[in-house]
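# Coordinate inspection notes
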Amino acid sequence: MMDKYTRLQVVGIYAAIFVFLLFMLLPFIEMFMTSLRPLSHLFRSPYTFWGSDFTFEAYSKMWTTVPLLGRYIVNSVYIAGMVTAITMVLVVPAAYAYARLDFPFKSASLSVFLGVNMFTGAVLLIPLYRVLRTLGLLNTYWAMIVPGVAFLIPTGIWLLRSYLEKIPRELEEAAYVDGASRIYTLRRVVLPLAVPGLIVVGVSVFIGAYAQQFLFAITFNQERAYQPLPAGLFEFIGYQSVNWNEMMAAALVGVLPVMVIFLFLQKYLVAGLTAGAVKE
Amino acid sequence: MADMTVEAGAAAPTTMPRRLSEGWFAWALIAPAMLFIGVIVAWPLAETLRLSFTDANLGGEHWVGWANYQALWDSSPFAQTIGRTFYWMVLSVCLKLILGLIGATLLNAAVPGRGLFRVLVMPPWVIPIAIGCIGWLWLYNGHFGMLAGLAQRWGLIGGPFEFLAYKQSAFYSAIVTDVWVGTPMVSLFFLAAMQGVSRDLYEAAWVDGAGRWYRFRRITIPQIMPVIVSMALLSAIWTFNSFEVIWILTQGGPRGATTTLIVDTYKTAIGNYKFGEGAARAVVIVVLLASFSLIYLFFLNKVNRKYGVK
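Here the structure is a predicted model, which means the values were calculated and not measured.

Let us now look at the overall build of chain B. Tallying secondary structure elements over chain B gives 14 helices and zero strands in all. Helices and strands in chain B line up, N terminus first, as α-α-α-α-α-α-α-α-α-α-α-α-α-α. Expected size for 310 residues packed as a compact globule is a radius of gyration near 19 Å; at 25 Å, chain B overshoots this value by more than 25%. For chain B, the C-alpha atoms occupy an extent of roughly 85 × 75 × 35 Å along the three principal directions. With 310 residues in all, chain B has 43% of them scored as buried.

Here it is, written out as structure tokens:
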């Protein structure tokens, strides 16, 4: 058959996949290996890849070295969760409008949203800092939530719109014929059908929100108690010594929440994310 | 409001009022998101433009006209920074596209275990960039990191090598990390595009005796070209704006070797509190990216037409 490979080809494919995955996973391997090394072993020359003194000690000691570590992880999840909730509330109606309705300035306003993708927070930091100061949001959770939402709205609208376009129109038309209002149709007919799409978009917004916290955190928030993990991790640097092994352990533990969510939903996520992009 | 519009539409089913009310309803749905973007993105953008004509700093601000731009125009380090940024972008995007294409092809190969491989490619994209970069920071450590350590043991290098301490090696190390961050997403989109290519095309070519390489070159590549072209633009924008990778690895050093426009802007505005000068740099970024995107979109339309995509 067409797809049949010779044995040599199979070996070649596996070898190439191995190299590719090794590159993708290299930092994680290094982080894990480093987290297992006791500090004394860590700064030992010459380098040894494997040591007999490897322990999981760092995973318990890290909580006392940086007492707020648990809090940072919770903060990260909380900030990402709030960003996701607010983004979804804003994105769902807008995406519906772009998917179904015909109105003046439709494509122009969509380009405005998509144009936002061109800026990262870094370009707008100075005035954004002032806006947040005026609103009294600096050094609060909101300092990280509000800009986070703004930069995820465009992607959210884009993804959800292509999902909503695939829901058959007939159901909505049937509801209109029965005298349902537009809001009622959106709430009771469209949204229940869109649940799988909402999950995909929600999860990708959550992942995006979890990933983008660093810049907003180091710029808009000085309050240690509100710091998310990516910024909080740098506290392992600057105590008496740099506890690299504990920092790596904390980093690995800190990404567990997103990794777990990702692993459970990856199948839908990957399919949903790419569906919109590939269709056109 | 929504109920009224539907009643009006039902009572007098002419097209005009109905369309009008649809327009109002649509804008009511979009307004909250638009308002949010307006306050958090559009207004700061306008404010950046205004600030770029001032000498704003912690002390206050005065109108200085084009002075900030004049200073940038006259500054040769800034010209170097722009050159470096484009080099950074072109090199990194090319590598991402090539690796993404190779990765997608590998992950598309019909071999057992590919479901698992597809999941294993994703972590760099799923986790916060800042955290991945901490891993790279240690990998690049000249004395205790895995790269220099193993290279020493295998006799590839004579002594410790600090990847991030020298201008050239720091730049290319940062590129490698940036490519690492961006490749999974590119692979994923290419993979999805490849799966969308009709099998009939391949079978027809196969029946005609076309080999794998020929099918890849003459069917796969042209068929997924629109996705390649749009991914190239997206990742060019992201790469141009890539901040965290450089900031965590080198903070723009050593001696400016990894200072791209975005890092320069951040350093000027947030690091040195020169808000006005920083804003001028931000405006330069926006203008460069916008013109780059427009030129590119023009090109994209041509490509799409050539490959028969609407």
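To continue, consider the packing of helix α1 (residues 7-36) of chain A against helix α7 (residues 129-139) of chain B. Helix-helix packing: each pair is described by the crossing angle between the helix axes and the interaxial distance. Two elements in contact, α1(A) and α7(B), have axes separated by 8 Å at closest approach and are oriented at 75°. Taken together, the axis directions place α1(A) and α7(B) in an arrangement best described as roughly perpendicular. Packed against α1(A), whose contacting residues are A:L26, A:P27, A:F28, A:E30, A:M31 and A:T34, the element α7(B) presents B:G132, B:G135, B:W136, B:W138 and B:L139 at the interface.

With 29 residues, helix α11 (residues 212-240) of chain B should cover 42 Å at 1.5 Å per step; its first-to-last C-alpha distance of 35 Å lies more than 12% under that length. Residues of α11(B) that are buried: B:T220, B:I224, B:P226, B:V227, B:V229, B:M231, B:S235, B:A236, B:I237, B:W238, B:T239 and B:F240.

Turning our eyes to something else, we now look at the environment of B:S52. Residues and elements named next belong to chain B. Mapped onto the secondary structure, S52 falls in the loop between α2 (15-51) and α3 (67-74). For S52, a count of 24 C-beta atoms within 10 Å corresponds to the buried category. Separated by 232 residues in sequence, S52 and V284 place their C-alpha atoms 9.9 Å apart. When near neighbours in sequence (up to four residues on either side) are disregarded, S52 contacts N68, G276, A279, A280 and V283.

What follows covers the nonpolar core. Ranked by internal contacts, the top residues of the largest apolar core, which has 160 residues, are A:A94, A:I153 and A:A251. What A:I153 contacts, discounting residues up to four positions off in sequence, is A:T87, A:L90, A:V91, A:F113, B:A33, B:F36 and B:I37.

This brings us to the environment of B:P254. All names here are of chain B. Take P254: it is sitting in the loop between α12 (244-249) and α13 (261-271). You can call P254 partly exposed: it has 17 C-beta atoms within 10 Å. A C-alpha to C-alpha distance of 5.7 Å links P254 and K167, two positions 87 residues apart in sequence. Setting aside chain neighbours within four positions, we find P254 in contact with A165, Y166, K167 and A170.

Our next topic: the packing of α1(A) against helix α13 (residues 244-254) of chain A. Residues and elements named next belong to chain A. In the contact formed by α1 and α13, the axes pass within 7 Å of each other and the chain directions differ by 130°. Classified by the angle between their axes, α1 and α13 sit oblique to one another. Seen from above, α1 lies across α13 with left-handed handedness. Between α1 and α13, the residues in contact are M31, F32, T34 and S35 and W244, N245, M248, A249, A251 and L252, respectively.

Phi at A:N139 is positive, roughly 60°, even though this residue is not glycine. Looking at where A:N139 falls in the secondary structure, it is placed in the loop between α6 (121-134) and α7 (142-164). For B:Y273, which is not glycine, the phi dihedral falls at a positive 60°. By the secondary structure assignment, B:Y273 is in the loop between α13 and α14 (275-306).

Confidence in the prediction for chain B averages 84 pLDDT; 92% of positions are at 70 or higher. Here residues 1-17 of chain B is a poorly scored stretch, pLDDT under 50, and it has 15 contacts once near neighbours within four places are set aside; other chains count.

Turning next to the interface of chain B and chain A. Facing the 84 residues of chain B at the interface are 80 residues of chain A. It is α2(B) that provides the largest number of residues to the side of chain B that touches chain A, a total of 21 residues. Across the side of chain B that touches chain A, the residue classes break down as 65 nonpolar, 13 polar and six charged.

Thresholds applied
Residues numbered from 1 in each chain as written. Chains lettered and ligands numbered in written order. Predicted model: local features only at pLDDT ≥ 70, side-chain atom pairs only at ≥ 80, totals over all residues. Helix = DSSP H or I, 4+ residues; strand = E, 2+ residues; numbered from the N terminus. Rg over C-alpha atoms; globule rule 2.2 N^0.38 Å. Buried ≥ 20, exposed ≤ 12 C-beta atoms within 10 Å, placed from the backbone. Axes fitted to C-alpha atoms, helices over the stretch in contact; angles between N-to-C directions. Parallel < 35°, antiparallel > 145°, perpendicular 65-115°, else oblique. Contact = placed C-beta atoms within 7 Å. Expected span 1.5 Å × (residues − 1). Core = buried A, V, L, I, M, F, W, Y, C linked by C-beta atoms within 7 Å. Left-handed = near helix turned anticlockwise from the far one by under 90°. pLDDT = per-residue confidence, 0-100. Nonpolar A, V, L, I, M, F, W, Y, C, P; charged D, E, K, R; others polar.

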